[in-house]
Amino acid sequence: MTFAMTADTTYDTAAIDAKWQDAWDRAGLFRAARGDAPKYYVLEMFPYPSGRIHIGHVRNYAMGDVIARYKMARGFNVLHPMGWDAFGMPAENAAMASGGHPKDWTYQNIDVMRGQMKPLGLSIDWSREFATCDPEYYGQQQALFLDMLEAGLVYRKQATVNWDPVDMTVLANEQVENGRGWRSGAEVERRELTQWFFRISDMAEDLLDGLGDLKDWPEKVRLMQENWIGRSRGLQMTFPLSRPAHGHDGIEVYTTRPDTLRGASFVAIAPEHPLARALAEADPDLAQFAVDVRRGGTTEEALEKAEKRGYDTGLTVQNPLGGALPVWVANFVLMDYGTGAIFGCPAHDQRDLDFARKYGLPVIDTFVATDDDSRVAETAFVPPKSEPVRWIDQPAGLDVATGQEAIEATIDWAEAQGIGTGRTQYRLRDWGLSRQRYWGCPIPVVHCPDCGVVPERKENLPVRLPDDVTFDVPGNPLDRHPTWRDTACPSCGAAARRETDTMDTFVDSSWYYARFTAPHADTPTVMADADYWMNVDQYIGGVEHAILHLLYSRFFARAMKVTGHLPDKAREPFNALFTQGMVTHAIYMTRDGRGRAVYHLPEDTVAKPDGLRVLRDGTEVEVIPSAKMSKSKKNVVDPQDIIAAYGADTARWFVLSDSPPERDVEWTAAGADAAHKHLRRVHRLAGDIARADRPANAADADLARATARATLEVTEGIEGFAFNKSVAKLYEFAATLGRSDAGGDARRAAMRVLAQLMAPMTPHLAEEVWQMMGGEGFVVRAPWPEADPALLVEDSVTLPIQINGKRKSEISVPRDMDAAGVEALVLQDAAVLRALNGGAPRKLIVVPGRIVNVVA
RNA sequence: GCGGGCGUGGUGGAACGGUAGACACAUCAGACUUAAAAUCUGAAGGGCCUUGCCCGUGCGGGUUCGAGUCCCGCCGCCCGUACCA
């Protein structure tokens, strides 16, 4: 295949970008199909169609594109798809704010964002694109839901939501600000609703064990998931009530610290505990207490930070070790965790200690430090469980033992005594998927007065969202849409009502990676395609998804195996995970007369030579560097502007340079300008090399060595996800090539390799240069260059000489000189002689090929 | 509150426990130019008694021949915290 040469010698990015994007498109280079070659599946977390892409998206997709194009050059059959995580609240918020329809808003945003992404020249197979709000997608999700319902992976139970008593609506956590509804300003209450749940907690152990296989996931993400799942070993035991009350003979408690039973000074139950509810019926003060502590949001953070409050029920229970304990209702005990009841041991839990001090309960030490037997006063004594401590009157008869040993011994002791049972408990709760909202996947069930909850028939899927809805009234429009809501029972045909809750948008994103393997199939997946393409070989996205999205996806992969939609090998769907940092940008701010912040667009400010930044009228501007991009702070960088000014390759090159991919990178106009200068330099250099010829000479060998070195280091950078280092090497290599006196053939050969090494990052320029150098076909299809090992070996090495650990000198020695030879040379070094002052070194450390340290 | 991460020149960053500051931005100097821009070349962590020496990787300790890197204790910022996506 041949392409028209771009006539001009100037670096015309618009022409070059369009030319090659068109050529790739016509050649169908990125359309993925099953084949004989080994496959490689690259996936970036798909975007929410918020309106416009920002430079952070560019960074995310540029990274994925580097991997995709590199793997293509390595001969893999690459799948690199793109879609839209299109359901969610912002669309409804926009509808409420401006009266449009969430569907129109969403699809318009998708069109705009696709239009912004295509000019980046990403190697995406656009024929596989879908949005999760497409009925073709969410209909298959409903089919999946029905299969999971049948497999017993879905059920209904009561759960707590944020309730706005003025707007009469359920609020998302982000709609609760300081315990108040964002619109009404009313104090938020917690309310119980019957909701749908996935049985993810049944798979807690498997999800935990599976983490061990995820070798190519960041350690920190595995650790966060491990802590989130939270396996603990503890004791379940019953404290008998001194007098039975409301049909309760005792209170069942789960504790991870049974070893501290001797130190128990109270038992606390959740306000939602059945006994608390029963007591509240006859005790208005307790009922009021329960209402009071239910104020405020439902987030774990809000619950934890809330003031610890209790209500004395007047009941007592018997401690099996002797003595009676008062029973309190406490706001910090959660009904969802364990049994909804705890015993408090103030000496060894700060929260219990605060509670005990507040309500005058005893503090009983059960162990002290081995070297310090002072008793607990203001601060609970909570040493690590691995640290030995001295026990006081320990039930299992221990003296000095670690917490861990004491827990295990006490569980054994309690089981032998018949006091309780050892139990493994998980922090992970079942996944509540019900949302009282319109813009989500309808839950495909019908509520029939006679048959109860009835699944919709698969042939009736998708259960489509009705289009004729309005958002001028608070609450879920599906709930007040009679012709949609009212339907016939799929089982008996009687008048019935549809489920009006829709699914959590995390459901949509929990299986999209599988759908990409057969995006237009009339079943959720096609086994042959899933079997060929799964797993995702490299998944890339933000660390903010480290827990929920990634855990839910792992659960879904297992559930889809159970329901026959994925092969067993896909139970861990993402072989490798990379979490990239954000793109930040400085905020320019002044203050108005009342001291409030006023934000300014970067282009409205000017940098003065002295470094100060001012407005056009001279007002000094406060610069806040490295801030997360936000429309309201006016520091968002729009890739479209960058592409228009500099071309796609500059935008891609810049976001890959400077910062390591896992860290945040700060966008600076100067940085973008420098990136563009470099690419222009490479383009000009290619032109020079193509035009000028020089005879072969002695410099050819040096250039060949530099080429081999660059090939090695750029490749290592890409393989190790250190694109910034690859970029640095490419800067260096381009400078070396520019300065080289080598002959024409040698320079052309080096330039061809440079084009290949640049290709994953700046593909348009790379194709152009490749063509100028007379390369065959597309550079993206050219096999990745290999560094000749013979050219990587240096004859001599420079060894730094340290004296007492500080670098003072250096020597150059043959590469293979032995330690004795090096020592002899070192002892003649001027700096060493001066330091030793005629004496002998106390010690001489030679690390071959690396360093010498003289201890004087 | 809890869990996780990060912290290196004026700036972004580099550095298998082994020469701290590669590469780049900004800065300064020089070349080219009538001039400017563009381009090219070079300098540069801070300090001093400048053949050389001292201090330097958020703060305070420790391990080591040697610590940005490992350990302990702090400080600051970022992410998550189950209905934001």
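Above this text you will find the structure in question.
Just so we're clear, the structure is a prediction, and the values are computed from it rather than from any experiment.

Colleague: Got a minute to help me understand the overall build of chain A in this structure?
Modeller: When you go through chain A residue by residue, the secondary structure sums to 27 helices and 36 strands. With the C-alpha coordinates aligned to their principal axes, the bounding extent of chain A is approximately 105 × 85 × 65 Å. The buried share of chain A, taken over its 856 residues, is 54%. The long-range share in chain A, meaning contacts at least 24 apart out of those at least 6 apart in sequence, stands at 70%.

Colleague: Sorry if this is basic, but what is going on with the nonpolar core here?
Modeller: Soluble globular proteins: nonpolar side chains tend toward being buried together. Phe145, Phe198, Tyr512, Tyr513, Phe556 and Met751 are the most contacted members of the largest nonpolar core, which has 161 residues in total. Once residues within four sequence positions are removed from consideration, phenylalanine 145 is found in contact with Val154, Trp196, Phe198, Leu433, Ile443, Pro444, Val445 and Met503. With 32 residues, the next largest nonpolar core counts Leu241, Ala280, Val317 and Phe343 among its residues.

Colleague: What is the right way to read a positive patch on the surface from this model?
Modeller: Residues Lys677, Arg680, Arg681 and Arg684 make up a contiguous surface patch of positive charge. By secondary structure assignment, the location of arginine 681 is in helix α20 (residues 669-691). The exposure class of arginine 681 is partly exposed, given its relative accessible area of 43%.

Colleague: How should I be thinking about empty space enclosed by the protein in this particular structure?
Modeller: Empty space left among the atoms is revealed by rolling a probe the size of a water molecule over them. Overall, the coordinates contain two cavities of 30 Å³ or more when judged by the stated rule. In this model, the largest cavity occupies a volume close to 70 Å³. Forming the walls of the largest cavity are Arg69, Ala73, Gln756, Ala759, Pro760, Val779, Val780, Ala782 and Trp784. Considering only enclosed or pocket space, the second largest cavity measures out at about 40 Å³ in volume. Taken together, Arg257, Phe367, Pro383, Pro384, Lys385, Glu387, Val389 and Gly403 form the lining of the second largest cavity. The residue makeup of the lining of the second largest cavity, split by class, is four nonpolar, one polar and three charged.

Colleague: Explain the pairing of strand β21 (residues 452-455) here, please?
Modeller: It is a general feature of regular strands that their side chains alternate between the two faces of the sheet. Inspection of the sheet shows strand β20 (residues 445-448) paired to β21 by four bridges, in the antiparallel sense. Residue pairing in the sheet places histidine 447 in a bridge with valine 453 of β21. From the end of β20 to the start of β21, which pair antiparallel, there are three residues.

Colleague: Whenever I open this one, the protein's contact with RNA strand B confuses me. Can you help?
Modeller: Lining the immediate surroundings of RNA strand B are 67 residues, of which Glu300, Arg681, Lys725, Arg850 and Asn853 lie closest. Each atom of RNA strand B within 4 Å of the protein was assigned to sugar, phosphate or base; sugar and phosphate come to 65%. Take glutamate 304: an N or O atom from its side chain is 3.5 Å from a sugar or linking oxygen of RNA strand B. Arginine 427 is positioned such that a nitrogen or oxygen atom in its backbone is 3.2 Å from a base nitrogen of RNA strand B. In terms of residue class, the surface near RNA strand B is made up of 24 nonpolar, 15 polar and 28 charged.

Colleague: Teacher, can you tell me more about the packing of aromatic side chains here?
Modeller: Pairs of aromatic rings are described using the distance from one ring centre to the other and the angle between the two planes. Under the defined criterion, the tally for this structure stands at 40 aromatic pairs. Both rings, one in tyrosine 438 and one in tryptophan 439, keep their centres 6.0 Å apart while their planes meet at 20°; by these two values the pair is stacked. Note on accessibility: tyrosine 438 and tryptophan 439 belong to one class, buried. An aromatic cluster of three or more residues is present, and its members are Phe46, Phe130, Tyr137, Trp511, Tyr512, Tyr513, Phe516, Tyr539 and Phe574.

Colleague: I keep staring at the pattern of salt bridges and nothing clicks. Help me out?
Modeller: Opposite charge on two side chains permits them to pair, given that their charged atoms come into close proximity. The final tally for this structure, using the stated rule, is 43 salt bridges. Here aspartate 206 makes a salt bridge to arginine 571, at a shortest N to O gap of 2.4 Å. Here aspartate 206, found in helix α6 (residues 204-210), pairs with arginine 571, found in the loop between α17 (548-562) and β26 (577-580); they are 365 residues apart in sequence, far enough to count as distant. When its relative accessible area of 28% is taken as the criterion, aspartate 206 is described as partly exposed. Owing to a relative accessible area of 28%, arginine 571 belongs among the partly exposed residues under this scheme. In this structure, glutamate 219 and arginine 222 form a salt bridge, with 2.9 Å as the shortest nitrogen-oxygen distance. Separated by three residues within a single helix, glutamate 219 and arginine 222 lie in helix α7 (residues 219-229), roughly one turn from each other. Within this structure, Asp206, Arg554, Arg558, Asp568, Arg571 and Glu572 form a network of salt bridges that share partners.

Colleague: Help me understand unusual backbone geometry, please; the structure alone is not making it clear to me.
Modeller: For the bond running from leucine 461 to proline 462, omega is -5°, close enough to zero to count as cis. Residue placement: proline 462 occurs in the loop between β21 and α13 (482-485). Cis rather than trans, the peptide bond between methionine 534 and asparagine 535 has omega equal to 5°. Here asparagine 535 lies in the loop between α16 (527-533) and β25 (538-542). Of note in the backbone geometry, histidine 246 takes a positive phi value of approximately 50° without being a glycine. Phi is positive for phenylalanine 721, which is not a glycine, with a value near 55°. Within the secondary structure, phenylalanine 721 sits in the loop between α21 (699-719) and α22 (723-739).

Colleague: So what exactly am I meant to see when it comes to the state of the cysteines here?
Modeller: Overall, the coordinates contain zero disulfides when judged by the stated rule. Counting only cysteine sulfurs, cysteine 441 is the nearest neighbor of cysteine 133, a cysteine outside any disulfide, at a range of 11 Å. When its relative accessible area of 0% is taken as the criterion, cysteine 441 is described as buried.

Colleague: Mind showing me how you'd approach helix α2 (residues 55-73) here?
Modeller: Spacing of three or four residues puts side chains on the same side of an α-helix, whose turn is 3.6 residues. Under the 1.5 Å per step criterion, the end-to-end length of α2 is 26 Å for 19 residues, consistent within 8% with the ideal 27 Å. Of all 19 residues that make up α2, 19 are buried, and the element is covered over most of its length. Of the residues flanking the end of α2, it is glycine 75, one or two places downstream, whose phi is positive at about 90°.

Cut-off values and rules
- Residues numbered from 1 in each chain as written.
- Chains lettered and ligands numbered in written order.
- Predicted model: local features only at pLDDT ≥ 70, side-chain atom pairs only at ≥ 80, totals over all residues.
- Heavy atoms only, no water.
- Helix = DSSP H or I, 4+ residues; strand = E, 2+ residues; numbered from the N terminus.
- Buried < 20%, exposed > 50% of the residue type's maximum accessible area, 1.4 Å probe, protein only.
- Contact = heavy atoms within 4.5 Å.
- Core = buried A, V, L, I, M, F, W, Y, C linked by side-chain atoms within 4.5 Å.
- Patch = residues over 30% accessible without salt bridge, like charges linked within 9 Å, V, L, I, M, F, W, Y side chains within 5 Å.
- Areas by Shrake-Rupley, 256 points an atom, 1.4 Å probe, with all protein chains shown as cover.
- Salt bridge = Lys/Arg side-chain N within 4 Å of Asp/Glu carboxyl O.
- Lys, Arg positive; Asp, Glu negative; His and termini not counted.
- Charge placed at Lys NZ, Arg CZ, Asp CG, Glu CD.
- 1 Å grid on protein atoms, 1.4 Å probe; cavity = no way out; pocket = protein on both sides within 12 Å on 5 of 7 lines; lining within 4 Å.
- Points joined across faces, edges and corners; volume = space filled by probe spheres on them.
- Nonpolar A, V, L, I, M, F, W, Y, C, P; charged D, E, K, R; others polar.
- Pairing = 2+ DSSP bridges.
- Near = heavy atom within 4 Å.
- Polar contact = N/O pair within 3.5 Å; in protein donor to acceptor, adjacent residues only side chain to side chain.
- Phe/Tyr/Trp six-rings, centres within 6.5 Å; stacked < 30°, edge-to-face > 60°.
- Disulfide = S-S within 2.5 Å.
- Expected span 1.5 Å × (residues − 1).

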